[in-house]
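Structural overview
Listed below are the residues making up each chain.
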Amino acid sequence: MLTRKEYAEKIINGKKADIQNGSKAFAPANIALCKYWGKRDKELNLPLTDSLSVSMGNCGTLTSVKAAPGKENIIIFNGTELSASSPFAEKINRFAALMKPDKGPALEIATENNIPTAAGAASSASGFAALTLALDSFYGYGLGSRELSMLAGIGSRSASRSIFTGFVYNHRGQRIDGMDAFSEKLPYEWPEMRLGLVTVSSEKKCMSSGKGMEHTAGTSILYERWPSQVERDMELILKALNEKNFELLGKTSENNALSMHACMLSSNPPLIYWEPETLAVIKTVSKARNEGLSCYVTIDAGANVKLIFEKKDENVITGMFPGIRVISPFS
Ligand code: PMV
């Protein structure tokens, strides 16, 4: 069994560091159409199932890295220096240590999100992906995107997908050493596709996704069927992408997300990320769909709802949800 550090070293595979003056990297956030919910290895953060996402265009995280003058890392988030003991700084420091070469300097890491975290967009995905890319170019390793996706996945599994744009597939892999758990970009484009972020709550979620997965896997009988649901949904989503069948894509993504939440609800005690407004949005969308609108919902580990629709329905949908933030993943 490898430790995280040994796993990171195995991925870096002896590449010599060639430390640069500074580096800057952007990574997009992403929304899973087929969700990841559960780990096969906690230490290496390897997923129990495959997952598939669409990236959020130019919404994401910009991170820069340079050498810090002293012995300690300096972490700056959205323009403010954080105390080294804040959970966010600790998370970044732990991750940065995985890629640090022998005798590497202390770092100043400045990271900025251009999506409000409160909008429920996955900022840990773009955050760890941008950090992985910025550290790779600061240290001059020149790793390939597959290796970068493996490293980012140690930070958070969804970050593995944020190394790429467009539709991205994350492979769970089979190997105990995790060397076959990586992400790849899929060869599909969908320029008319739109994502809508409907913010119903800006409260912090009631349980982190890591804890939530562990709780669900440990206590929900329904969760035993989750891997077979993912297997079926993955086939249907790939078929929808191949045939450019929006109804099939939307219907399958919505069912996948609601099934993930059904597993959470059936855990003991129940894990409920939703607020009453979450359900209200789901009902509004499903009623509009019965009246002919082609729009679907997906929800991550939180109360906010993401809508999936196409450009032709953008005006109707922004009329229905005035505070919505619309994203074009392919422009
Ligand atoms: O990768 P994490 O630990 O941020 O967990 C992501 C979990 C979901 O957002 C609910 C699903 C997913 O695949 O993004």
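As a starting point, this report considers the structure included with it. Not measured: the values here are computed from a predicted model.

Okay, empty space enclosed by the protein next. Per the stated rule, a full pass over the model turns up one cavity of 30 Å³ or more. Size it by volume and the largest cavity reaches roughly 30 Å³. Split into classes, the residues belonging to the lining of the largest cavity amount to six nonpolar, one polar and no charged.

Throughout the structure, instances matching the rule amount to 14 salt bridges. With a shortest N-O distance of 3.9 Å, Asp180 and Arg40 are connected by a salt bridge. Of this pair, Asp180 sits in the loop between strand S8 (167-170) and strand S9 (183-185) while Arg40 sits in strand S2 (residues 39-41), and the two are 140 residues apart along the sequence. What makes Arg40 partly exposed here is its relative accessible area of 24%. With a shortest N-O distance of 3.1 Å, Glu314 and Arg194 are connected by a salt bridge. Of this pair, Glu314 sits in helix H10 (residues 314-320) while Arg194 sits in strand S10 (residues 193-198), and the two are 120 residues apart along the sequence. Owing to a relative accessible area of 8%, Arg194 belongs among the buried residues under this scheme. Each member of the salt-bridge network shares a partner with another, and the members are Lys10, Arg175 and Asp177.

Taking strand neighbours across the sheet as the criterion, the four strands line up as S11-S12-S10-S13 in an open arrangement whose pairing is antiparallel. Edge positions in the open sheet fall to strand S11 (296-298) and strand S13 (325-327), since each of these has one partner strand only. Each adjacent strand pair in this sheet contributes to an overall mean axis angle of 30°, direction not counted. Across six bridges, the pairing between S10 and strand S12 (residues 305-310) is antiparallel. Opposite Arg194, over in S12, you have Phe309 as the bridge partner. Sheet strands in contact with helix H8 (residues 246-265) are S10, S11 and S12, and its direction is about 35° off that of S11.

Rules used in this analysis
- Residues numbered from 1 in each chain as written.
- Predicted model: local features only at pLDDT ≥ 70, side-chain atom pairs only at ≥ 80, totals over all residues.
- Heavy atoms only, no water.
- 1 Å grid on protein atoms, 1.4 Å probe; cavity = no way out; pocket = protein on both sides within 12 Å on 5 of 7 lines; lining within 4 Å.
- Points joined across faces, edges and corners; volume = space filled by probe spheres on them.
- Nonpolar A, V, L, I, M, F, W, Y, C, P; charged D, E, K, R; others polar.
- Salt bridge = Lys/Arg side-chain N within 4 Å of Asp/Glu carboxyl O.
- Helix = DSSP H or I, 4+ residues; strand = E, 2+ residues; numbered from the N terminus.
- Buried < 20%, exposed > 50% of the residue type's maximum accessible area, 1.4 Å probe, protein only.
- Pairing = 2+ DSSP bridges.
- Axes fitted to C-alpha atoms, helices over the stretch in contact; angles between N-to-C directions.
- Contact = heavy atoms within 4.5 Å.

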